[in-house]
Amino acid sequence: QGGDDAYLCVNEGHRVHVSTANLKGRSPPVLDSENAVEDVSWRLVDGVLQCSFRRSIHLPAFKGRFNLDASYYIFLADGEASEGGLIHKHHRQPLITNGIYNVTGLPQDIGGSRSPRLIKAHGVLMFVAWITTVSIGVIVARFFKPVWCHSFLFGKEMWFQVHRVLMLTTVMLTSISFVLPFIYRGGWSQEAGFHPYVGSTVMALTIVQPLMAGFRPSRHAPRRQLFNWFHWSIGTTARILAVVTMFLGMDLPALDLPDPWDTYTMIGFVAWHVGIDVVMEIHSYCLVRKVELIEDDRVQILQSLTSAEAEGRLFKQIVLTIYVCGNIIFLIAFLAAINQI
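Residues numbered from 1 in each chain as written. Predicted model: local features only at pLDDT ≥ 70, side-chain atom pairs only at ≥ 80, totals over all residues. Heavy atoms only, no water.

**Observations regarding the state of the cysteines**
Here is step 1 of the chain: Taken as a whole and assessed by the stated rule, the structure comprises one disulfide.
Here is step 2 of the chain: Between the sulfur atoms of Cys9 and its disulfide partner Cys51 the distance amounts to 1.5 Å. With Cys9 in strand S1 (residues 5-12) and Cys51 in strand S5 (residues 48-54), this residue pair connects regions lying 42 residues apart in the sequence. (Disulfide = S-S within 2.5 Å. Helix = DSSP H or I, 4+ residues; strand = E, 2+ residues; numbered from the N terminus.)

**Comments concerning the sheet that holds strand S2 (residues 15-22)**
Here is step 1 of the chain: Read across the open sheet, the three strands follow the order S1-S2-S3; overall the sheet is antiparallel. Of all the strands in the sheet, just S1 and strand S3 (30-31) have a single pairing partner and so form its edges.
Here is step 2 of the chain: Note that S1 and S2 share eight bridges and pair antiparallel. From the neighbouring strand, Ala6 faces S2, where its bridge partner is Ala21. (Pairing = 2+ DSSP bridges.)

**Examining the sheet that holds strand S8 (residues 112-113)**
Here is step 1 of the chain: Spatially, three strands are ordered S6-S7-S8 in an open sheet, and the strand pairing comes out antiparallel. Each edge of the open sheet carries a strand with a single partner, namely strand S6 (75-76) and S8.
Here is step 2 of the chain: Relative to S8, strand S7 (residues 95-97) is paired through two bridges, and the arrangement is antiparallel. By the bridge assignment, Thr97 is partnered in S8 with Gly112.

**As for the nonpolar core**
Here is step 1 of the chain: Ranked by size, the top nonpolar core spans 33 residues in total, and within it Phe127, Trp130, Ile131, Leu257, Met266 and Phe334 carry the most contacts.
Here is step 2 of the chain: Residue assignment for this core shows that the elements contributing at least two residues are helix H1 (117-143), helix H2 (158-185), helix H3 (195-213), helix H4 (224-249), helix H5 (261-292) and helix H6 (298-340).
Here is step 3 of the chain: Of the residues forming this core, the biggest block, nine residues, is contributed by H1.
Here is step 4 of the chain: Contacts of Phe127, omitting those with residues within four sequence positions, involve Thr132, Met246, Met250, Leu257, Met266, Leu331, Phe334 and Ile338. (Core = buried A, V, L, I, M, F, W, Y, C linked by side-chain atoms within 4.5 Å. Buried < 20%, exposed > 50% of the residue type's maximum accessible area, 1.4 Å probe, protein only. Contact = heavy atoms within 4.5 Å.)

**Here we look at the pattern of salt bridges**
Here is step 1 of the chain: The tally for this structure, following the rule as stated, stands at seven salt bridges.
Here is step 2 of the chain: Residue Asp39 is joined to Arg54 by a salt bridge in which the shortest nitrogen-to-oxygen separation is 3.1 Å. Taken as a pair, Asp39 in strand S4 (residues 38-45) and Arg54 in strand S5 lie far apart in primary sequence, 15 residues in all.
Here is step 3 of the chain: Here Arg142 ties to Glu281 by a salt bridge, and the two come within 2.5 Å at their closest N and O atoms. In this pair, Arg142 sits in helix H1 while Glu281 sits in helix H5, placing the two residues 139 residues apart along the sequence.
Here is step 4 of the chain: The network of salt bridges with shared partners includes Asp5, Asp32, Arg55 and Arg65. (Salt bridge = Lys/Arg side-chain N within 4 Å of Asp/Glu carboxyl O.)

So this is what it looks like as C-alpha cells:
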C-alpha cells in the first residue's frame, strides 16, 4: 500500500468508528482531521463487523480522496485495534481484487486473492521443481542405471540423460522462482522468518550441483568415488532443506495455504517419497541376494541373472510409473490450493 484512498471501520469498545485515512508506504494509517463520509451505519454480529457509508463522487476539498467515477484496485484488510483506536498491522495479506473496478457501477462479483501473483508464481515453480522434477530425477539416477544401461539417448545412457534433463529443469525453475519474491518486495524481507535464509541456502546448493557435475572425473578415475560422495551429500542436503523451506513458506502471510491441510499434505508427500525409496532399496537388496544364492554353475548363473534382470526391470518400471503418478497428484493438490487463495 501507499498513496491509497483508505477507509477505516474500527470497533472500539463496542462502538464503531468509520473514518478516512492516508497510507504512506508500510506505515500505520494517518487519520484525516476532517471526515469525508456521511450516513454511517454498522452492524456487529458473531464477531463479523459490517460498515456502510456514503461520500460524494468528487471531493476536491479533501486531499487524498480519489474521484469515484474512475476504476481502481480494491484492497480489503482486517486486523486488530487497541484501546484508543490504534490500528495494528493486519495478520494476513489483504484481499485484493483481480482487476480494476468502478465502485459507482452495478454490483458484481469481482473476485480477489490474498496472495500476489508473483508470490503465487514463486510457490508454483518451487513445488514443480522440488516435488516432481528433482524427486523423479533422483529416483532415476539411484535405481535405473542397471535398467537403462543398454539404452542410449543422443549418445549417452538414457538414465543419465533423463537425470540430467530433470536436474537442469530443477535448476532453471528454482532460479526463476528465487528472484520473484525479491522483485515483489523490492529487496530482502525481514518479516519472512527463516524461509528466505534456508531458501537462499537451497539456491546456492542448487547452483553448486551442476557446476560440480561439469568437473566430474571419468568413471574409473581415483577421485570418482570422492565426487560421487560429494554429489550425493550436497544433493541430499539441498532436498532436505528444500522440504524445510516449503514447510516454512506455506504459512507465510503472502502465501497462506489452508492450515493444517498444507502441513499434513506435505508430510504425506515426504512419507510417499521415503516409502518408495525404501521399497526400491529392499527390492534391489533382494535381487542381489537372489543371484548370490544361485548354485555355482555358469550356465545356471547366466540364466538366473537374465531372469533376475528382467524381473527387476519390470518391477522398477511399474514402481516408477506409480511414483510419478503419485507425485503429480501431490503437485496438483498444492497447485489447486494456490489457485484458490
